[in-house]
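# Residue-level structural notes
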Amino acid sequence: MREVAARAGVSIATVSFVVNGSRSVSPTTHQRVTDAMTELGYTNNVVARALASKRTRIVALLFPALEERLGGIALRMFMSAATRASELGYHLVLWPSGETDQDVRDLVSGRLVDGVLVMEVQLHDSRVDALLELGLPFVSMGRTSQNDRVPFVDMDFEEAVEQALDHLESLGHQSIGLVLEDFSASPIVGYGPAARTEEAFRRSVARRGLRTALVTCGPSAAGGRRAAHDLVAALPDVTGVLIMKDDATGGLLSGLAATGRRVPGDVSVVSLASSTANGAATEPTLTTLDAPGVEMGRLAVESLVARLDAGAGAAAEAELTQVLLPCVLHVAGSSGPARGVGARG
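Below or above, wherever it landed, is the structure these notes cover.

Each value, and the rule that gives it
Residues numbered from 1 in each chain as written. Predicted model: local features only at pLDDT ≥ 70, side-chain atom pairs only at ≥ 80, totals over all residues. Heavy atoms only, no water. Buried < 20%, exposed > 50% of the residue type's maximum accessible area, 1.4 Å probe, protein only. Helix = DSSP H or I, 4+ residues; strand = E, 2+ residues; numbered from the N terminus. Arc of directions from axis to C-beta. Contact = heavy atoms within 4.5 Å. Polar contact = N/O pair within 3.5 Å; in protein donor to acceptor, adjacent residues only side chain to side chain. Phe/Tyr/Trp six-rings, centres within 6.5 Å; stacked < 30°, edge-to-face > 60°. Lys NZ or Arg CZ within 6 Å of the ring centre and 35° of its normal. Axes fitted to C-alpha atoms, helices over the stretch in contact; angles between N-to-C directions. Left-handed = near helix turned anticlockwise from the far one by under 90°. Nonpolar A, V, L, I, M, F, W, Y, C, P; charged D, E, K, R; others polar. Parallel < 35°, antiparallel > 145°, perpendicular 65-115°, else oblique. Salt bridge = Lys/Arg side-chain N within 4 Å of Asp/Glu carboxyl O.

Those residues of helix 7 (residues 126-134) that sit buried are R127, V128, A130 and L131. Projected down its long axis, helix 7 shows its buried positions confined to an angular sector of 160 degrees, all on one face. The inward-facing, buried residues of helix 7 abut strand 1 (58-64), strand 2 (91-97), helix 6 (102-109), strand 3 (115-118) and strand 4 (138-140). Following helix 7 by one or two positions, G135 adopts a phi angle in the positive range, close to 80 degrees.

Following this line, the structure appears as structure tokens:
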């Protein structure tokens, strides 16, 4: 630090302020110090800094060790979180987690990270239970069944279902099916988004007096085609479909066509927790409830960093962050009036 201070023509304290970010300095002075460090070949040593400050400035994003889950919306959430963490002076690492809480305990015992983000949350999630027990600052990107002590940022799946049903009802649809991913053989049984969507759908269609059926869907286009046949068998007069599985929507459309049903002439389709970009990949383009993935990643990191920067005691006393973000309806070519019915409203 003395060598850098001498080269830059500043005090040792100023060098410390620049290196640690503990106090602001003028842009000109900051540049002189960083130029001197470059000329002398000095760089920040993350390990040394962590030993000195007892903070690593690293946060981990816990994600199930299931390769097929990391796509689409999940990737947007991860990239948004990583970008915001960097802007706030933290490094975000993707930490594949197993089916138990042991990975969380290993992470905490090794003092590898300052805090944790949790993704692909289940209604009963042992990772969240372990984090509460261990006292490590964390934010859940999703909700468990009990959230009294859990800071979270999540999509409002209940409101998304209401928006989708409002849209289809306004077009005259009274016979509406729901297609959800099949988690029966998955390590993430009780996946929160699917469970909340199903519960909201059942409750809303009962209140509205609609004819309904719910079918589960396997992976990829093949799963979507199978789901189309299952849905038509369960609800032969179906005129509207909600689906929450991006990689199967193309198969659903082709499966409906194979049963002699045109989209949207005979059946309207709305994709939940999706994106306009995904909807544009099919013909016709899909009406979507666009997921707020970018906003979720950003807000989750900001909430976690606020807790970390407040210090352990202040973080424990801080008001819990509990935010529900709405999906946005984007009407496209896959939804239209029910057969023989003009649009209302």
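So, next bit.
Here we take up the environment of S220. Checked against the element boundaries, S220 lands in helix 10 (residues 220-234). With a relative accessible area of 35%, S220 lands in the partly exposed category. Put simply, S220 and D246 are 26 residues apart on the chain and 8.5 Å apart in space, counted from C-alpha to C-alpha. S220 has contacts with K245, D247 and A248, leaving out every residue within four places of it along the chain.

What follows covers the side chain of S268. When you line up the elements, S268 lands in strand 9 (residues 268-274). Taking the relative accessible area as the measure of exposure, S268 reaches 0% and is therefore buried. Within polar-contact distance, the side chain of S268 engages the side chain of H173 at 3.3 Å. In this view, S268 contacts L168, H173, T239, G240, V241, S334, S335 and G336; residues no more than four positions away in its chain are not counted.

Taken as a whole and judged by the stated rule, the model has 1 aromatic pair. Geometrically, the ring pair formed by F183 and Y191 is tilted, given 5.0 Å between the ring centres and 45 degrees between the ring planes. Across the ring face of Y90, the terminal group of R57 is positioned such that the distance to the ring centre comes to 4.2 Å.

Contact geometry of helix 6 with helix 7 gives a least axis separation of 8 Å together with a crossing angle of 35 degrees. For the pair helix 6 and helix 7, the crossing hand works out as right-handed. Side by side, helix 6 and helix 7 meet where V104, R105 and V108 of the first sit next to R127, A130, L131, E133 and L134 of the second. Of the residues contributing to the contact of helix 6 with helix 7, the split by class is 5 nonpolar, no polar and 3 charged.

The next subject is the packing of helix 5 (residues 73-87) against helix 13 (residues 293-310). Between helix 5 and helix 13, whose axes approach to 7 Å, the crossing angle comes to 40 degrees. Judged by the angle between their axes, helix 5 and helix 13 are oblique. Considering the relative orientation of helix 5 and helix 13, their crossing is right-handed. Judged by residue contacts, I73, R76, M77, S80, A81, R84 and A85 of helix 5 engage G293, V294, M296, G297, R298, V301 and E302 from helix 13. Along the lines of polarity and charge, the residues of the contact of helix 5 with helix 13 split into 7 nonpolar, 3 polar and 4 charged.

Below, the discussion takes up the pattern of salt bridges. For the structure shown, the criterion picks out 20 salt bridges. Measuring nitrogen to oxygen at the nearest pair gives 2.8 Å for the salt bridge that ties R84 to E302. Here E302 lies in helix 13 and R84 lies in helix 5, a separation of 218 residues in the sequence. When its relative accessible area of 22% is taken as the criterion, R84 is described as partly exposed. The salt bridge involving R143 is made with E158; its shortest N-O contact spans 3.3 Å. Of this pair, R143 sits in the loop between strand 4 and strand 5 (152-155) while E158 sits in helix 8 (residues 157-170); the two residues are 15 residues apart in sequence, bridging distant segments of the chain. The buried category is assigned to R143, whose relative accessible area is 8%. Look at the salt bridges and you will find they share partners, linking E162, D166, E169, R207 and R208 into a network.

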